[in-house]
Amino acid sequence: MEIQRGSYPPVMVTAALDKPLSRWLWLVKWILVIPHWIVLIFLWIAFLVVSVIAFFAILFTERFPRGLFDFNLGVLRWSWRVSYYSYGALGTDRYPPFSLGPEPDYPARLDIAYPERLSRSMVLVKWWLLAIPHYLVIAFFSGGMRAAGWWSGGLITLLTLIAGFSVTFTERYPRDLFALIVGLNRWVLRVAAYASLMTDAYPPFRLDQGGEEPVAHEAR
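Structural notes, computed from the coordinates.

**Here's the deal with the environment of Arg77**
Mapped onto the elements, Arg77 comes out in helix H3 (residues 66–85). Measuring from C-alpha to C-alpha, the distance between Arg77 and Glu103 comes to 8.9 Å, with 26 residues separating the pair along the chain. With residues near it in sequence (within four places) discarded, Arg77 still touches Leu100, Gly101, Pro102, Leu110 and Asp111. A distance of 3.0 Å separates the side chain of Arg77 from the side chain of Asp111, its partner in a polar contact.

**Here we look at the nonpolar core**
Judged by nonpolar contacts, the single largest core of 54 residues is most densely connected at Phe64, Leu76, Trp80, Tyr84, Leu110, Ile112 and Tyr173. Secondary-structure elements contributing two or more residues to this core are strand E2 (11–15), helix H2 (34–61), H3, strand E3 (108–112), helix H5 (132–142), helix H6 (155–170) and helix H7 (175–195). A per-element tally of this core places H7 first, with 11 residues. Among residues more than four places away in sequence, those in contact with Leu76 are Trp44, Phe47, Leu110, Ile112, Ala192 and Met198.

**Notes on the pattern of salt bridges**
One pass over the full model with this rule turns up 12 salt bridges. Where Arg66 meets Asp70, a salt bridge forms, and the shortest distance between an N and an O atom there is 3.2 Å. Note that Arg66 and Asp70 are positioned in helix H3 at a spacing of 4 residues, about one turn of the helix. The partly exposed category is assigned to Arg66, whose relative accessible area is 45%. Note on Asp70: relative accessible area 36%, which makes it partly exposed. Where Arg190 meets Glu213, a salt bridge forms, and the shortest distance between an N and an O atom there is 3.1 Å. Pair noted here: Arg190 is in helix H7 and Glu213 is in the loop between H7 and strand E4 (216–219), with a separation of 23 residues, a long-range link. Each member of the pair Arg190 and Glu213 is classed as buried. Three or more residues joined by partner-sharing salt bridges are found here, namely Arg186, Arg190, Arg206, Asp208 and Glu213.

Conventions adopted
Residues numbered from 1 in each chain as written. Predicted model: local features only at pLDDT ≥ 70, side-chain atom pairs only at ≥ 80, totals over all residues. Heavy atoms only, no water. Helix = DSSP H or I, 4+ residues; strand = E, 2+ residues; numbered from the N terminus. Contact = heavy atoms within 4.5 Å. Polar contact = N/O pair within 3.5 Å; in protein donor to acceptor, adjacent residues only side chain to side chain. Core = buried A, V, L, I, M, F, W, Y, C linked by side-chain atoms within 4.5 Å. Buried < 20%, exposed > 50% of the residue type's maximum accessible area, 1.4 Å probe, protein only. Salt bridge = Lys/Arg side-chain N within 4 Å of Asp/Glu carboxyl O.

Here you go:
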C-alpha cells in the first residue's frame, strides 16, 4: 500500500490577501515605505558582504554559518514584507514591521530550511553560471533585482498597478491576478535564495501561483 506524504520545498513563500483594502492608500505607499528603503539599502550591502563570507565558509567547511544564514534570511523576509505592502503586490495595508524576524502574524511570510551541508563544488558555479537562465526570466518579471527589493518597473510592478486601479474603481483585488503576482514573487525569492548560496535545491522553472506553497506528494 502506498501512503502519500507531503513534501515542502526548501524555500517557502506564503501570502494572504487582506480585506478590505483601502481604495486610495496604495497611491502614497511609495512615500510611506521610504524609511524601509533607506534601511534596506544598508541591509542589502551587509547581505552581499555576508554572502561573500558564506561563500568561503561553504568552500572550506561545507556549512553556511547559522548566524549569517539567519541574518540573510531576515533581510529577504524584510524585503518580501515591504514588497508585499508596496508595489510588489499591494496585498495588505498593514505597515510592515522593522524586523529581521519571521513575524508570523504578518500576511507575507518567507522561510528557508537551514541546510546542514552544502556542496563545495556547486558553490563555485551556482550563483552565476547555473542561475543565468533564471536571471533572464526574473529580469523580465522584476525589471532586474535591486538592492532594496524587486519593484523596479518589470511585469510584477505592472500587474500590481493594475490591481491597485482595480481596488480603486471596483473595491476588489482580482483573485486570479493576486495568485499570479504572488507566484511571480515566489519565483524571484526562490532564485534569490539559491543565488545567495542558502540552498543547493535548484529553483524549478515553474510558476506556482497562489498564496500557499504547493505540497509535493511522494509515495512511500
